[in-house]
Amino acid sequence: MRTKTELAESTPADYESAGELLRALAAPLRIAIVMELAPGPKVVHQIVETLGVAQPLVSQHLRVLRGAGIVRGTRSGREISYSLTDDHIAHIVTDAVNHAREER
């Protein structure tokens with residue numbers, strides 16, 4: 001838990017950045033994609049198979065997540081392997097999902 005001093009050191013720009021991050025994570029499919037990438041990198045067809053949604057839809061959401069700096073893609077031949085940019089993202093999403101489970 002952060003102290004009052006740490007919270008006081010946050011700036012409006014920090015809050016704006018946090019808001020942009022949360023907006024990018026606002027779609028349930030994007031949350032599912034982040035949860036899939038939390039253990040490690042995956043290529044699009046692996047995400048499609050696991051989540052059972054169409055490839056173009058997964059690619060569209062990956063594009064949003066990449067634009068927000070949440071995931072990065074690494075090309076290897078014809079495939080792009082996607083991974084989270086840092087562990088903080090996985091913690092944020094995991095905590096949110098766990099919190100939602102508690103609310104039931």
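Residues numbered from 1 in each chain as written. Predicted model: local features only at pLDDT ≥ 70, side-chain atom pairs only at ≥ 80, totals over all residues. Heavy atoms only, no water.

J.: Please explain the pattern of salt bridges as it appears in this structure.
T.: Working definition: two side chains of opposite charge can pair if their charged atoms are close together. Tallying each qualifying case throughout the model produces 2 salt bridges. Of the charged contacts in the structure, one is a salt bridge between Arg23 and Glu16, with a shortest N-O distance of 3.5 Å. Take Arg23: its relative accessible area is 52%, and that puts it in the exposed class. We classify Glu16 as partly exposed; its relative accessible area is 43%. With a closest N to O distance of 2.8 Å, Glu36 and Lys42 form a salt bridge. (Salt bridge = Lys/Arg side-chain N within 4 Å of Asp/Glu carboxyl O. Buried < 20%, exposed > 50% of the residue type's maximum accessible area, 1.4 Å probe, protein only.)

J.: In this structure, what is going on with the packing of helix 3 (residues 28-37) against helix 6 (residues 87-102)? I would like to understand it.
T.: The packing of two helices is summarised by the inter-axis angle and the distance between the axes. Interaxial distance between helix 3 and helix 6 falls to 9 Å at its minimum, and their mutual angle equals 120°. By the angle class used here, helix 3 and helix 6 are oblique. Considering only the axes of helix 3 and helix 6, their crossing is left-handed. Where helix 3 approaches helix 6, its residues Ile31, Val34 and Met35 are matched on the opposing element by Ile89, Ala90, Val93, Thr94 and Val97. Here the residues of the contact of helix 3 with helix 6 sort into 7 nonpolar, 1 polar and no charged. (Axes fitted to C-alpha atoms, helices over the stretch in contact; angles between N-to-C directions. Helix = DSSP H or I, 4+ residues; strand = E, 2+ residues; numbered from the N terminus. Parallel < 35°, antiparallel > 145°, perpendicular 65-115°, else oblique. Left-handed = near helix turned anticlockwise from the far one by under 90°. Contact = heavy atoms within 4.5 Å. Nonpolar A, V, L, I, M, F, W, Y, C, P; charged D, E, K, R; others polar.)

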